[in-house]
Structures are given as C-alpha cells and as structure tokens.
Amino acid sequence: VGHCHPDIVKAAHEQNQVLNTNSRYLHDSLVDYAERLSKTLPEKLCVFYFLNSGSEANDLALRLARQYTKHEDVVVLDHAYHGHLTSLIDISPYKFRNLGGQKEWVHVAPVPDTYRGLYREDHEDSATAYANEVKNIIEQAHKRDRKIAAFFAESLPSVGGQIIPPAGYFQKVAEHVHKAGGVFIADEIQVGFGRVGKHFWAFQLQGEDFTPDIVTMGKPIGNGHPIACVATTKEVAEAFAATGVEYFNTFGGNPVSCAIGLAVLDVIEKENLQAHATEVGNFLMKLLKEQKMKHPMIGDVR
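An account of the accompanying structure is given in this report. This one's a predicted model, so the numbers in the text were calculated from it and none came from an experiment.

Considering the overall build of the chain
Now for step 1: Along the backbone of the chain there are 10 helices and seven strands.
Now for step 2: Its C-alpha atoms give the chain a radius of gyration of 20 Å, near enough to 19 Å, the size a compact globule of 302 residues would have.
Now for step 3: Considering only C-alpha atoms, the chain reaches an extent of 60 × 55 × 35 Å along its principal axes.
Now for step 4: By the burial criterion, 49% of the 302 residues in the chain qualify as buried.
Now for step 5: Expressed as a percentage of contacts within the chain between residues at least 6 apart in sequence, the contacts between residues at least 24 apart total 73%.
Now for step 6: A total accessible area of about 15200 Å² is found for the chain, and carbon and sulfur atoms account for 51% of it.

Next comes the structure, spelled out in structure tokens:
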C-alpha cells in the first residue's frame, strides 16, 4: 500500500495513544481483524493465530501439521525458502544445501516450472506429471516407513524464480498428500494480499475447487509493521488445542498490530489496489511480451 501510507501511520499512532498491551489481555480489534481476514478466504479456513513474522507463521504451520497428522515428514519444492528459524532452514533447500544438508524427514520435489523444469509447456499434462513426482516421493518415503505430515509450498515459488505452477497442480498434489494422511500448507508470505491482482490469494489462481489446509501470511499483512498470521481449519486447530499446551505469543495480535492490519485491508479496498495490480500487471506483461517477440534472447516473461 506504499511507504508511510498516511492511513496506516494514523491507525498505528491512534492505537498507540490508547492502548498497547501483550495478548493475554482481550481486545475487540483482534476479533474484528480475524473476521475481516476470514472474508477474504475460503469458508473452511476460519481459525486464526496471530504472530510477529512470516518465519513464526511457517514454524507454527509446521507444528499444527505435525500435531494434527501425528506424522513428521515434510515434502517441499526445490529451491524453496520458508524462513530463518532452524525448523524452516531444514525445509528450505535454498538454504540447507549450503549448511547442514538435507534431514531424513525432508523430501524435495521438483519445482513445477513449465519453462525450465522437467515437464515443459509442450507437455500434454504438466500439472499431473509434476504432481506424480510428489506421489512418487510419498511412495518412496512410505517404503522407508516415513509418514508425511505436510506438503509445504509457496503458492507462487518466488525464491525459486517467480514460478507459476500449472493450474490443477495443487489439487492433484493435495489429493496425494491427503491420501498419505498429510496436510497442504500454502505459504502466502510474499504473494498474498491481492498482489496477484485477479485474486486476493495466489493459491486461488489454481481454481475455485482448491483450498489449502493451512495458509501462512507475513510481509504485506502490516505494510512493514511486524505482524503475521496462520489461518487453518477447525479440525486442525482442535487437534492442536487438544494437547492442553496453549499457544501463546506475547505480541502476536496486539492492539497496535491489529489496528495496522485492519488499516491495510481498508486501504487495499478503498484504493482498489487489487484491480490496480491487475491493470498495471496486464499493461507490463503486454509490453514485455512485445519485447519477447522482438528479442529472441528473452525466453519467458513472468
């Protein structure tokens, strides 16, 4: 929504003058914000955990998945990066290949890249072919008595090169993952909040028939203010709560963060930023594709 947007600055300043406290104290804006966010998501994603960063969100998503499934292993896409905590370095090939290497419980699937990947634009059904790679990985894991807790992917792999997965890929992957008793986690930390234009969430590019089990949010959620969120289903949340070990985050969802989060949603709506993203995006794509026609050295435009 732009650097130092006056509406965001005002919301933060006004709330700071009234109250900011740790999240053991109840306040209406937490509920108001959760309700507003829920309107942007599919109905079944109706439980929200608020945190301070995308890394915290992805770490919690991992915990939720493992508690719900009682499994440990995670399937991730090659080149992925999901955050700076130890748990997330372990599921980030972009990082762990230069550090301690791949853990036994991590399985790396090929990026569904139809330009440079295994199956390209000329393939008759690249979505199924890439999803079958995940299926094969799960089958190999089962042979070693490993059990899959989650498939963890950015809705548009950004560190992997701004890859746009072929439509239908997530649905087919989710089918294989659910069959194995796992959950589908969509990392929207870089690509959410209307940035893809025609949809509010990038996973919606896959089609209306697809809903992840867990969605993580960060970066744009607070326009630079540290706030993050995990959205999930009642079933997953109830399994997490059943441990009796409460989830507590001192500043996650504090009054100032929630005021800022609400103001960001207001600005996106008021200034038609989703439509703006579509319009500007289409304009840029048109001109860049013209350049592609002109210059053979340009291979792909994203």
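Moving on, there is more to tell.
Structural notes on unusual backbone geometry
Now for step 1: Unusually for a residue other than glycine, His79 sits at a positive phi of about 70 degrees.
Now for step 2: Topologically, His79 is positioned in the loop between strand E2 (73–77) and helix H4 (86–89).
Now for step 3: His79 gets classed as partly exposed once you look at its relative accessible area, which sits at 41%.

Some details on the layout of surface pockets
Over the atoms, a rolled probe matching the size of one water molecule traces out where space is still vacant.
Now for step 1: The computed volume of the largest pocket comes to approximately 820 Å³.
Now for step 2: Lining the largest pocket we find 25 residues, and of these Ile164, Arg195, Val196, Met285 and Arg302 sit closest to its centre.
Now for step 3: When its residues are assigned to classes, the lining of the largest pocket shows 14 nonpolar, seven polar and four charged.

Points about the environment of Ala277
Now for step 1: The topology assignment puts Ala277 in helix H10 (residues 273–294).
Now for step 2: Note: C-alpha distance between Ala277 and Gly197 (80 residues apart in sequence) is 4.7 Å.
Now for step 3: Leave out the neighbours within four places in its chain, and Ala277 touches Gly194, Arg195 and Gly197.

Section: the sheet that holds strand E4 (residues 148–154)
Now for step 1: The strand order across the open sheet formed by seven strands is E1-E7-E6-E5-E4-E2-E3, and the pairing between neighbours is mixed. Every interior strand has two partners, whereas the edge strands, strand E1 (47–51) and strand E3 (106–109), have only one. On average, each strand axis in the sheet is tilted by 20 degrees relative to the strand beside it, whichever way the strands run.
Now for step 2: As judged from the four bridges shared by E2 and E4, these two strands associate in the parallel manner. Within E4, the residue paired with Val74 across the bridge is Ala150.
Now for step 3: Contacting E1, strand E6 (214–217) and strand E7 (228–232), helix H8 (residues 234–241) crosses the sheet at an angle of about 60 degrees to E1.

Looking at H8
Now for step 1: Every buried residue of H8 is accounted for by Val236, Ala237, Ala239 and Phe240. For H8, the angular spread of buried residues about the axis comes to 160 degrees, placing them on one side. The outward face of H8, more than 90 degrees from its buried face, is lined by the exposed residues Lys234, Glu238 and Ala241.
Now for step 2: Those residues of H8 that are buried are in contact with E1, helix H3 (54–69), E6 and E7.

Here we look at the pairing of E7
Now for step 1: Buried residues dominate E7, accounting for five of its five residues.
Now for step 2: The alternating pattern of E7 places Ala228, Val230 and Thr232 and Cys229 and Ala231 on opposite faces, both of which are buried.
Now for step 3: Here E1 runs beside E7; their pairing, made up of five bridges, is antiparallel. From the neighbouring strand, Val47 faces E7, where its bridge partner is Thr232.
Now for step 4: As paired strands, E6 and E7 are joined by four bridges and run antiparallel to one another. Opposite Met217, over in E7, you have Cys229 as the bridge partner.

About the thresholds
- Residues numbered from 1 in each chain as written.
- Predicted model: local features only at pLDDT ≥ 70, side-chain atom pairs only at ≥ 80, totals over all residues.
- Heavy atoms only, no water.
- Helix = DSSP H or I, 4+ residues; strand = E, 2+ residues; numbered from the N terminus.
- Rg over C-alpha atoms; globule rule 2.2 N^0.38 Å.
- Buried < 20%, exposed > 50% of the residue type's maximum accessible area, 1.4 Å probe, protein only.
- Contact = heavy atoms within 4.5 Å.
- Areas by Shrake-Rupley, 256 points an atom, 1.4 Å probe, with all protein chains shown as cover.
- 1 Å grid on protein atoms, 1.4 Å probe; cavity = no way out; pocket = protein on both sides within 12 Å on 5 of 7 lines; lining within 4 Å.
- Points joined across faces, edges and corners; volume = space filled by probe spheres on them.
- Nonpolar A, V, L, I, M, F, W, Y, C, P; charged D, E, K, R; others polar.
- Pairing = 2+ DSSP bridges.
- Axes fitted to C-alpha atoms, helices over the stretch in contact; angles between N-to-C directions.
- Arc of directions from axis to C-beta.

Geometry only, nothing functional implied.
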